[in-house]
Each structure stands twice: as structure tokens, then as C-alpha cells.
There are 2 protein chains.
Amino acid sequence: MKDPHRVVIIGGGFAGLNCAQSLANDDRFEVTLIDRQNHHLFQPLLYQVATASLSAVEIARSLRAILDDASNVSVILDQVNQLAGADNIIITEHGEYPYDSLVLATGAHTSYFGKDEWAKHTYGLKTLEDSRRIRHQVLNALEQAERSTDLEERKRLMTVGIVGGGPTGVELAGAFSDLVRRALKSDYRRIDVSDFRIVLIQSGDRLLKPFAEDHSKYTLDRLRDLGVEVILGPRVDDVKKGCLHLNDGREIHAETLIWAAGVAASPLTECLECPRDRGGRIKVEPSLSVPGHPNVFAAGDLVNLTDPDGQVVPGLAPAAMQMGKHVAKVLKEDLRLKTTRYADRYLDLRPAYRYRDKGIMAIIGKNAAVAQAKMLKLKGFPAWLAWLFIHLAFLVGFRNKLAVLLSWAFSYLFDKPAARVFSIPESDRPEKPPSSEPSSSP
Amino acid sequence: MKDPHRVVIIGGGFAGLNCAQSLANDDRFEVTLIDRQNHHLFQPLLYQVATASLSAVEIARSLRAILDDASNVSVILDQVNQLAGADNIIITEHGEYPYDSLVLATGAHTSYFGKDEWAKHTYGLKTLEDSRRIRHQVLNALEQAERSTDLEERKRLMTVGIVGGGPTGVELAGAFSDLVRRALKSDYRRIDVSDFRIVLIQSGDRLLKPFAEDHSKYTLDRLRDLGVEVILGPRVDDVKKGCLHLNDGREIHAETLIWAAGVAASPLTECLECPRDRGGRIKVEPSLSVPGHPNVFAAGDLVNLTDPDGQVVPGLAPAAMQMGKHVAKVLKEDLRLKTTRYADRYLDLRPAYRYRDKGIMAIIGKNAAVAQAKMLKLKGFPAWLAWLFIHLAFLVGFRNKLAVLLSWAFSYLFDKPAARVFSIPESDRPEKPPSSEPSSSP
């Protein structure tokens, strides 16, 4: 038998994981999946970890666990710093991985439109660590407010500012409202958590731009019902510690500032000579290969593509999954064609990727969401139910589905999210603990 | 109405929480519970978080959530650094809390018998942060082993050394064996996880000293069946990075070293002038008040007491719960007596605390545990079942019980723990992310 075709996939998100799964147990391929985290993360629910509705483990699953039946797939926990395009080799922090084909699926990260100094005053929301930090920050600010006697300080501590009125910003704002108005309402003795301010800033004239206008209007009304202050129009022109400055002169003083206004492709794309857009996304060929590098593919959020049907492929999970599977299909087709009389024309015969639009949706709060697909427009309770079921369906692993369903059922019935816990590292270790007998525990 | 009696409780563990709950909604009392974490932690299951069987949130619950119906109890997240005994005032990092009665329930921490320099090479297991660090360390060492080509290094990476053969050491050793021999067995491609070495070191001549001898023997046999190397006899006389030195000359090279050999009372007890034992535990009066300080009480792991029946009160969760409730009872009795003709003798009339022995138990692995109470001795499957039900019963909150039950059922049926996830902080932030359009998410 011939040596298998070596595929290296960088990134275990929706695109990379779906590509690996499509190549699993096809022994013509030897697949190495490299990620710097040991888990696949279900990013669409990340905001629920940040707002203490779900625990981190419920939306993350070990990549090894997902792929343990795929005997031709190796998972490597490592950080890729460089692509040596010409040599067909990946150089990581701890090793080198030669490949025949390379799949880039490193996704996107929070972008500040060039104002990187804003990063240190705001929280992004792309990783588990990000979501844990936001949860810690908000719960801790409430604890500080409970201790504080300075009214001005209390006000600042009890304000969260969210920049960006896309789905992430809207979902965060709605979930914070839920947290303070339902979950925490009887928890504090000195502060009134219903004073908690949630300010959502969107520079355009409406929320959820990709949605229909009446959905934007519905979302705005529902958020205002939930007590969220929505500011439409002005843009943020400066960010200081605990303060957003808007270009209409207003200032928002808030202990917690969250940046949900922009993402850009992972900087790894800069290692390759190829056409890119302003956001660093690679302008790929219709087959998803990288121009000038026929054995390198890109999939997921780092792709800029208008498909043959004229659809701009969006930075959404369903698109990333489809692209991952498409790359696997192209790799298989390449191998097949190489055994036919079209062997020397296989590059021209590669199938083009077409985006199958599954629709878009965003959740606002209990019983309220918006959803639209080609034939269907939903809002309110039906959209909310659809949102729940679709997110459950796509969550990886039966175990996680059941755990999340349980958490949601509890929150719905009892208004009590479980994950209201944060852990303060013991910086204050005792200096000299006295000696002692052996420990015991029940 | 008279001003309520102000009770300050320091520590939200089993003792402090039970004391607060016993005083809840009794408006003769105004209770302030101070803890440096925002959660009550179910310590008996901490080892399962360390070994990736449970997630942190499943065994921790927000103190505010537990006490939200107790209108006379305030929870304060703060660090107590000092006790000004004479002035009846607590000075914390962020404030001052005057009291009429004070309850010390700050528990125990890992102790190294005076060799504090060993702390930096080993992990203790007392807090959520500790358990997360152990999980991260062990899973990350396996990832390094999978990448490594150096056989000697691999061997070291795939070894965990546990010092202390009490319940914590035994439970950790059994759970690590479960993790590598059942849960992870098909996860890696280059290393064989069945090579993973678990070394348990106990200086005495048997494991689980407080148990009957045949239970110790059974535990030893079962652990050896599970592939754990148990070393009985020698003691650790030096600890270096990645190496335990035993006093019979042996050296154990292990990437992960866990210290489960000793605890001592929290150092806060040193602020009070009162008799203490070698482990820093307060030698309390029979009523649990601190000698010389009739309005200060101690409860839980920082107490050294032989009760009127001659029983030494052990450092176990049931004892801590009983002591917390007993202190509340004494406080109520004090108030009652002060309204009678015995008012000036209330101190002499305080009821003594009596330890009600609920028995002891330890789990070894799937279907294997030991348990003994006054009338009953169990081992094997019945003990294992008893262990499961008792731990579920005492876990605080129906939500947590159900989540833990679900996790256990899954592990039992599918050998697949859910919590096999750790998160690597992004130290390697991209230097200059390109600017971009607004984000969107599904």
C-alpha cells in the first residue's frame, strides 16, 4: 500500500473538527489536528458561560474524546507560530509536522480596528478563558458594590458597557439582564441589583444588522423591556479604564467593559503570501484552496469568499462546518482524480464550495428570540424554542447536550443559574503553617 | 424591640454555613458570613474535580444562592487578616465588622510539617483552584508525553506521585487509575496510557489508618489491582522539582507531585491568645467557645476537642456540620438564659458539644469502597453504593445533586468523564490584529 496522504489541520473549531471527522477512518489519509487548547469549544454558547448560566465544561469537549474512534487522526496540543509554505512543513513551539496538504482553520479573534490599546480596558469573548474572566469580573464587581458605601463607586461597579449590537452584544445584554433581574434578585442585602445598568452601544442605526428591519425593532423593544439601555448611533472614539467615550461627547462609566464589535482573522494567515482583506481573511479560490498554494486550504472564519451563487459566505458556525467538510471532499476528490486520466488536471476539476444558508438567529431573553431563514421568519416564543433546539442539536456530544438541557430547564423553571461561582486564587498563602498530623476526609 | 445580637461568622464551609443556616430567619440575630470565596465548596468531592470526573461548578454553590431566603444573614466576600479580640471587631481587607459573638470556621489548609519549601514542588488539594491546577497539570503532562520522543522524559511525564495514604490519597490514586485506564485509554496515538504510573506513598504500615485493619488490607489489594504502586513504610525526607526522595534512599521521579499528607488549622487562629495544639487547632471549651473569649467560638477543622463521652472529634465534614449547628444552639440558649433568673450564670450552663459518629468511608474505584460505622462494616460494592448515596445526599442544592448524579451515571456507563477540559490562557496574544467589520455569530 502507498504511504497515506498526510493532512495537517490547524485549529479544532467547527471548520477544523468537521474536516478531521470527514477524513476519519479513511486510511488513505493520515491526519494531524493541531490546536493550542485541548478542547473543541461551542462558541455560540460562550456568552452563557460569561453570564453564569452554563459552566465552561458544558460547552467544551476534549478533542481527543471526540476523535478517539478516528484511528487515523492524531491530536496534538501545540502552538503554531509559523508556516513555511514552500517546504510543506509546519513548525510549532514543540515540533515539526510535514504535510502533503494543509488546512488552516484557526478562526478569528477580537479586533479593535487598530486601537489595540483598548484591549487592556475591555473584555473580548472568544475563548473559555475570556468567558470565565467576564463572569468573575461581573460577580466580583457586585461583591465590591455590596461592600462599598460610596454611592458613585457603587453606580460604576453596577454598570456593564457592551460595545457592538450584533448577536453577541444582544445576547450578552439580554443574559446579563436575566442574571441580575431574575437570578440574583434576592441575593444581596445592601445593594438593589435591579439598579444594575446594562448599556449596549451600537454605532449603526439598528441592532442585528444582518436581520430584517422589523426583527431589529423587535429586538430593541424587548431589550428595553428588559431594562437594557440601548444607545444607537454614536461610535466609541476612546476607551479608558472603566470608561467609554462616545463621539457625541457622552461618557459611559462602567466597571466592566465588553468589546463585541469586531473580529479579525487569526494572524497566522499573515505568514502566507496570498490576497487578504482588511480583516486579514484570505480571499480563497472557489474550492477553498489558498491562491498560489494549491495544497493549502482555508476554512471557517478566516475565509473571505463569495460563492458561485453570489452569496457572501458569513462568519457563522454552519458555514465553518460546511467549509470543513468541503475541504475533506476536495482532498478525497484530488486523490480519486489522480488515479484517472484527468490526473494532471485535478486542480482545475476541484469542486467549488457553495454556502447552504441555514438562516440566522439570536436570542434576547426568556421566551424571546429572532430567527430567519430563506422561507421563514420567526420572533418571540417560537423563535426562542427554535433557538434552543438548534443549539442543543449542534452541541457536540450527547453528554453535553443533556447537561446543557438540564441547566436550561433549571434556569427556566427556577430562575437560578448554577454557575454563579468564581474562584479567587490564594495569593495570600499563609506564611508559616504549623506542623500537623495526617489529614482525613469523610 | 431590642437591637438584634450581631453574629459574625468567618468561613462558609460546612461549619460556618450550618451555623448561619441554623440562625437564619431568627430575628433576634443579625448574622454576617464572611468568606474569601463566593461559594460553599463540597470538599469531599474535590478529588473528582482534580481527576476530571466532575466540573468545578458541580461541587460548588454560591453562598448567596444558598442563603438568599435568610433575610437576617448578609454574605460578604472579603479576606479577614486580623482579629482584634478585645474590641469585638473584625478587620477585613475592605471593612470593619463589629460583633457581639464571633464564630471562627476557617477550616484547614495543606501543611508540610514545617518544610514549606516543599509547597512549590507539590500540589495540595483544598480549594477549587487547587483541583483545577492538578487537572490541568496531569492532562497537560500527557499532552507533552504525546509530543515527546525522549523515552526517559515520557516516563517522568507519565508518573504521578501522591504522598499520604489517608482517604484523600487513596481516593486520588483510585480516580487517576480510572482516568487513565478507562477514560483516556483510546485517546492517544503515540503513548500507551496504560504505562501511566501512579505511586502512592504512606509512611505508616497501612493505608487508611482510622479504618479497621482488614479494610486497609482490602484497600491495598484493590489499589494494586488497579495498577497503583503503593509504597508502605518509608517517609518522604526531601522534595525537589519532579522528585520525591524517600528515607530508604529511593527516588520517585514524577512530573506531578501531590501532597495529601497533612493539614493544619488556618493561621487566623494565631491571632487569638488561646491554647492550641501542634497543628494550630484551638483547644476549645466543651461548648466550643474559645478559652478566655466567651463570646468567640470555633467550629470545624480548626477545633481540637475530646467530647464529654471521651470521643476525639475528627476533622470530617459531619463533625463540622454538627459543630456549626451546636454553636447556633449555644447562641440561642445564651439569649434565652439571659432573660431568666440564671442570667449571670449563662456561661456555666452552656450545653457541651457531643460528636455523633456517622462513620467513615473512602472510595477506591468503580464498585469498590470501604465504610464503617458503629454497627456496620461494609466493603466492595455495598460500600461503594453507600458512598455514592451519602455523598449525593449531603451535596448542597438539588441542582448540584442532579448534575453530579448525571455525571456519575455517564462515567459509570460509558467510562467517559465529561470534565476532560482545561484551558490554556492566551499568553501569546496576536501583536497587531488587522482591523475588521463587525462580528456576527449564529
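None of these values were measured; they are calculated from a predicted model. (Residues numbered from 1 in each chain as written. Chains lettered and ligands numbered in written order. Predicted model: local features only at pLDDT ≥ 70, side-chain atom pairs only at ≥ 80, totals over all residues.)

Some words on the overall build of chain A
Where we set the bar: Labels follow the DSSP assignment, with helices taken as runs of H or I lasting at least four residues and strands as runs of E lasting at least two, numbered in each case from the N terminus. In this setup the radius of gyration rests on C-alpha atoms only. A globule is expected at 2.2 Å times the number of residues raised to 0.38. Burial in this document is a count-based property: other C-beta atoms within 10 Å of a residue's C-beta are tallied, and the residue is buried at 20 or more, exposed at 12 or fewer, or partly exposed in between, with C-beta positions derived from the backbone. Residues are scored as being in contact if the C-beta atoms we place from backbone atoms lie within 7 Å.
Across its full length, chain A holds 10 helices and 25 strands. Relative to the 2.2 N^0.38 estimate, which gives 22 Å for 442 residues, the radius of gyration of chain A is 24 Å and therefore close to what a compact globule would have. Structurally, chain A occupies a C-alpha span of about 80 × 70 × 40 Å along its principal axes. Looking at chain A as a whole, 52% of its 442 residues are labelled buried. Contacts spanning at least 24 positions in sequence make up 63% of the contacts within chain A whose residues lie at least 6 apart.

Describing the pairing of strand 11 (residues 159-163) of chain A
All names here are of chain A. Note the following rule: Criterion used throughout: strands pair if DSSP finds at least two bridges between them. When the strands point away from the viewer and the connection leading from the first strand across the helix to the second strand turns clockwise, the crossover is called right-handed.
Among the 5 residues of strand 11, 5 are classified as buried, and the element is accordingly described as predominantly covered. Where burial is concerned, the two faces of strand 11 agree: the one with T159, G161 and V163 and the one with V160 and I162 are both buried. Of the pairings in the sheet, the one linking strand 11 to strand 12 (residues 197-202) comprises 5 bridges and is parallel in character. Note that in strand 12 the partner of V160 across the bridge is I198. As for the winding sense of the linkage, the β-α-β connection from strand 11 through helix 6 (residues 167-183) to strand 12 is right-handed.

Considering the packing of helix 1 (residues 14-23) of chain A against helix 8 (residues 317-337) of chain A
A pair of packed helices is captured by two measures, namely the crossing angle of their axes and the spacing between those axes. Residue and element names in this part refer to chain A. Defined as follows: Every axis in this analysis is a line fitted to C-alpha atoms, fitted for helices over the stretch in contact. Angles between the N-to-C directions lie between 0 and 180 degrees. Each crossing gets its handedness from the near helix: less than a right angle anticlockwise from the far helix is left-handed, clockwise is right-handed. Note on residue categories: nonpolar means Ala, Val, Leu, Ile, Met, Phe, Trp, Tyr, Cys or Pro, charged means Asp, Glu, Lys or Arg, and polar means any other residue, Gly included.
Closest axis-to-axis distance for the helix 1/helix 8 pair is 7 Å, and the angle between their directions is 35 degrees. Handedness of the crossing formed by helix 1 with helix 8: right-handed. Contacts between helix 1 and helix 8 involve F14, A15, G16, L17, N18, C19, S22 and L23 from the former and A317, A320, M321, M323, G324, K325, V327, A328 and L331 from the latter. In terms of residue class, the contact of helix 1 with helix 8 is built from 12 nonpolar, 4 polar and 1 charged.

Quick word on the sheet that holds strand 2 (residues 29-35) of chain A
All names here are of chain A. The mixed open sheet is built from 6 strands, whose spatial order is 5-2-1-9-21-20. On the outer flanks of this sheet lie strand 5 (73-77) and strand 20 (289-290), each paired with one strand and no other. Relative to strand 21 (residues 293-298), strand 20 runs antiparallel, the two sharing 2 bridges. When the sheet's bridge partners are listed, V290 is paired in strand 21 with H293.

Observations concerning the domain arrangement of chain A
Condition: Each domain's extent is set by a domain assignment, obtained either automatically or from a database.
Its domain assignment divides chain A into domain 1 (5-36 + 78-110 + 263-345) and domain 2 (116-261). Using only C-alpha atoms to locate each centre, domain 1 of chain A and domain 2 of chain A end up separated by 36 Å.

Here we look at unusual backbone geometry
Residues and elements named next belong to chain A. We note that F113 has phi near 50 degrees; this positive angle belongs to a residue other than glycine. Take F113: it is sitting in the loop between strand 10 (108-110) and helix 4 (128-147). Judged by the 19 C-beta atoms lying within 10 Å of it, F113 is partly exposed. In this model, L288 sits at a positive phi of 85 degrees, which is unusual for a non-glycine residue. Within the secondary structure, L288 is located in the loop between strand 19 (282-283) and strand 20.

Topic: the packing of helix 10 (residues 398-414) of chain A against helix 10 (residues 398-414) of chain B
Note the threshold: Angular relationships are summarised with four words: roughly parallel below 35 degrees, roughly antiparallel beyond 145, roughly perpendicular across 65 to 115, and oblique for the angles in between.
Interaxial distance between helix 10 of chain A and helix 10 of chain B falls to 11 Å at its minimum, and their mutual angle equals 170 degrees. Put simply, helix 10 of chain A runs roughly antiparallel to helix 10 of chain B. Of the residues in helix 10 of chain B, those touching helix 10 of chain A at R399, L402, A403, L406 and F410 of chain A are R399, L402, A403, L406 and F410 of chain B. Of the residues assigned to the contact of helix 10 of chain A with helix 10 of chain B, the class counts are 8 nonpolar, no polar and 2 charged.

Concerning helix 7 (residues 213-225) of chain A
All names here are of chain A. Convention followed: To estimate how far a helix should reach, multiply one less than its number of residues by 1.5 Å.
Compared with an ideal rise of 1.5 Å per residue, which puts 13 residues at 18 Å, helix 7 spans 18 Å between its outermost C-alpha atoms and is within 8% of the ideal. Along helix 7, the residues that are buried comprise H215, S216, Y218, T219, L220, R222 and L223. Against the buried residues of helix 7 lie helix 6, strand 12, strand 13 (228-232), strand 23 (360-365), strand 24 (368-372) and strand 25 (377-379). Just downstream of helix 7 lies G227, where phi reads positive at about 90 degrees.

Some points on the environment of V284 of chain A
All names here are of chain A. Note that V284 resides in the loop between strand 19 and strand 20. Along the primary structure V284 and N88 are separated by 196 residues, whereas in three dimensions their C-alpha atoms are 19 Å apart. The contacts of V284, once residues within four sequence positions are left out, are S289, V290, A298, V303 and L305.

With respect to the pairing of strand 17 (residues 256-259) of chain B
All names here are of chain B. Of the two faces of strand 17, the one carrying T256 and I258 and the one carrying L257 and W259 are both buried. Pairing between strand 11 (residues 159-163) and strand 17: 4 bridges, direction parallel. Residue pairing in the sheet places V160 in a bridge with T256 of strand 17.

Points about the sheet that holds strand 13 of chain A
Residues and elements named next belong to chain A. Pairing is parallel in the open sheet, where 4 strands are placed in the order 13-12-11-17. At either end of the open sheet lies a strand with only one pairing partner, and these are strand 13 and strand 17 (256-259). Pairwise comparison of adjacent strand axes, ignoring direction, gives a mean angle of 15 degrees for this sheet. Its contacts with the sheet place helix 6 against strand 11, strand 12, strand 13 and strand 17, and it is angled at close to 170 degrees to strand 12.

So, the environment of D130 of chain B
Residues and elements named next belong to chain B. Topologically, D130 is positioned in helix 4 (residues 128-147). Sequence-wise, D130 and N400 are 270 residues apart; in three dimensions their C-alpha atoms are separated by 20 Å. Not counting the four nearest positions on each side in its chain, D130 is found in contact with Y123, G124 and L125.

Regarding the environment of D309 of chain A
Tracing the backbone through its elements, the reader meets D309 of chain A in the loop between strand 22 (303-304) and helix 8. Placed 44 residues apart in sequence, D309 of chain A and Y353 of chain A show a C-alpha to C-alpha distance of 9.8 Å.

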